[in-house]
Amino acid sequence: MSRRLRKIIATTDVHSAFDAGMPMLTHLHTARAESLIVDCGDFFEGSGYYRFGKGRIEREILTSLYDLLAPGNHGWPHYFEPGLHEMTVCANASDANGKPLFDRVRIKRIGGQRVAITAVIGPQAFNTIPTRDRIGHRVINPAHALREVMLENHHRADAWIVLSHSGFEEDLKLAAACPFADVIFAGHCHSDTYGPVRIGDTLVVKGRELGIGYATAEPVGNGWGTRTCTFPNAAVVPEDLSMVQEKISLFSRKLASPLGTVNEPYRNEELDRSRLLREIAGRLHSGLGADAVILNETALRSVQLGEVLTLGDLLAIEPFDNHLVHAVLPDEHAQDHDKLLTQLIECVGPLVIAPTPLPSAMSSVLTTGYLADSHMGGRTHQAGLRLSQAVRRVLATTLPGGATEGGEQ
């Protein structure tokens, strides 16, 4: 198909949210004729579709509908796979020797202009990638990397577009530091701020997450115009997408399996993950005899709960398959709890701990394997329990003959 591109369509933080994914896929399929389709990271991980499919559905969608990708912290290893690596751009990620991990810039003709498209991943996002997945990788300051790429390629481009996986507030700072950028498509933040926000001559804009919406940019006069949109309902699914639709439907039926009756006070409410984690932490502390329990709120996601907890609900609440472990603290953390908590909050956000305050004599904590490996030195032994199992036990009363977390009846 010969394509004459006149605009860019950007999604972000889809997180494998395919329960109502056909409007997104159908619209992108139709829009490809005149639009460059890009993603700002975290297309992978976040639902049972990823847990069951291991990224196969996401990979098929990206390679058939998208043109360029920014790498996200979720699903980082997927961006190195054949087919996806060639689509990924990033200006500030390199190996230990300084060799770029991805192409740093691509030039596309859009609306009669030569448009340079590059991407960055913020240091905070990069540092949340599990340590084992980023061995030998590093990132530099996004603004420094963008200025370097611009100076090397300024003669090749009339306009500059940045796909950023850093967070909206960070992208406002990035716009001020890189005034040559015409548009920055934001990602990573999961905030209610979508823009567009103008910083000097640069527009910062973000599409709705979880496959709900998108952002667009196109040349208008001497500059660029941007807006945000919600994907319209799809009346007819294109034949080209029928195989993807079948795979999504297959997993959807499995994810609808009931696990139990939702307990009060969580029934028919938007999940308060902080409240849930506080209850889980208290039970784990008393039940497993740990010195202390430390969990991060971002280990869970908020969803709307009804009367019955389904397998899909559980895997949407705890999509990352965290195992609980007993982590032996390094001496510096065992002796300075405030330093440990401060470092964790800076890296992963709000924490839930039990007991409060932490005991003065504490040499180990019960936590997730992710926190232990990435931020506590990695000296662990298994607790024999998944976080999802703890979530299920607190949230629901098991139905006779209900499904297991693997989906079997």
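A brief structural summary. (Residues numbered from 1 in each chain as written. Predicted model: local features only at pLDDT ≥ 70, side-chain atom pairs only at ≥ 80, totals over all residues. Heavy atoms only, no water.)

### A word on the packing of aromatic side chains
Logical step 1: One pass over the structure, following the stated rule, counts 13 aromatic pairs.
Logical step 2: Ring geometry for Trp76 against Phe80: centres 5.5 Å apart, planes inclined by 65 degrees, an arrangement best described as edge-to-face.
Logical step 3: Phe80 sits in the partly exposed class, given a relative accessible area of 29%.
Logical step 4: The structure contains a cluster of three or more aromatic residues connected by ring pairs, namely Phe18, Phe43, Phe44, Tyr49, Tyr50, Tyr66 and Tyr79. (Phe/Tyr/Trp six-rings, centres within 6.5 Å; stacked < 30°, edge-to-face > 60°. Buried < 20%, exposed > 50% of the residue type's maximum accessible area, 1.4 Å probe, protein only.)

### Observations concerning the pattern of salt bridges
If the charged atoms of two oppositely charged side chains come close together, the side chains can form a pair.
Logical step 1: One pass over the full model with this rule turns up 18 salt bridges.
Logical step 2: The partner of Arg3 in a salt bridge is Asp67, with the nearest N and O atoms 2.9 Å apart. Of this pair, Arg3 sits in the segment before β1 (7-11) while Asp67 sits in the loop between α3 (56-65) and β3 (68-69), placing them 64 residues apart in sequence.
Logical step 3: The class for Arg3 is partly exposed, based on a relative accessible area of 23%.
Logical step 4: A salt bridge links Lys173 to Glu170; its shortest N-O distance comes to 3.2 Å. Residue Lys173 and its partner Glu170 are located together in helix α6 (residues 168-177), separated by 3 residues, close to a single helical turn. (Salt bridge = Lys/Arg side-chain N within 4 Å of Asp/Glu carboxyl O. Helix = DSSP H or I, 4+ residues; strand = E, 2+ residues; numbered from the N terminus.)

### Things to note about the pairing of strand β2 (residues 35-39)
Logical step 1: Counting buried positions over the 5 residues of β2 gives 5, a clear majority of the element.
Logical step 2: Burial of β2 is two-sided: the residues Ser35, Ile37 and Asp39 facing one way and the residues Leu36 and Val38 facing the other way are all buried.
Logical step 3: With 2 bridges joining them, β2 and β3 adopt parallel strand pairing. Its bridge partner being in β3, Asp39 is matched across the sheet by Leu69. (Pairing = 2+ DSSP bridges.)

### As for the packing of α3 against helix α7 (residues 242-255)
Logical step 1: Here α3 crosses α7 at 155 degrees, and the two axes come no closer than 11 Å. One finds that α3 runs roughly antiparallel with respect to α7. The handedness of the crossing between α3 and α7 comes out as left-handed. Across the interface between the two elements, Ile57, Glu60 and Ile61 of α3 pack against Met243, Val244, Lys247, Ile248 and Phe251 of α7. (Axes fitted to C-alpha atoms, helices over the stretch in contact; angles between N-to-C directions. Parallel < 35°, antiparallel > 145°, perpendicular 65-115°, else oblique. Left-handed = near helix turned anticlockwise from the far one by under 90°. Contact = heavy atoms within 4.5 Å.)

### Let's talk about the state of the cysteines
Linking two cysteines covalently through their sulfur atoms gives a disulfide.
Logical step 1: All told, the structure shown has 0 disulfides when counted by the stated rule.
Logical step 2: Considering cysteine sulfurs only, Cys40 is the nearest to Cys229, which forms no disulfide, with 14 Å between them.
Logical step 3: Look at Cys229 and you get buried, because its relative accessible area is 13%. (Disulfide = S-S within 2.5 Å.)

### Here's the deal with the environment of Ala143
Logical step 1: With respect to the element layout, Ala143 can be found in helix α5 (residues 142-153).
Logical step 2: In the structure, Ala143 is positioned 85 residues away from Glu58 in sequence and 30 Å away in space, judged by C-alpha atoms.
Logical step 3: Apart from residues lying up to four places away in sequence, Ala143 is in contact with Leu174, Ala177 and Cys178.

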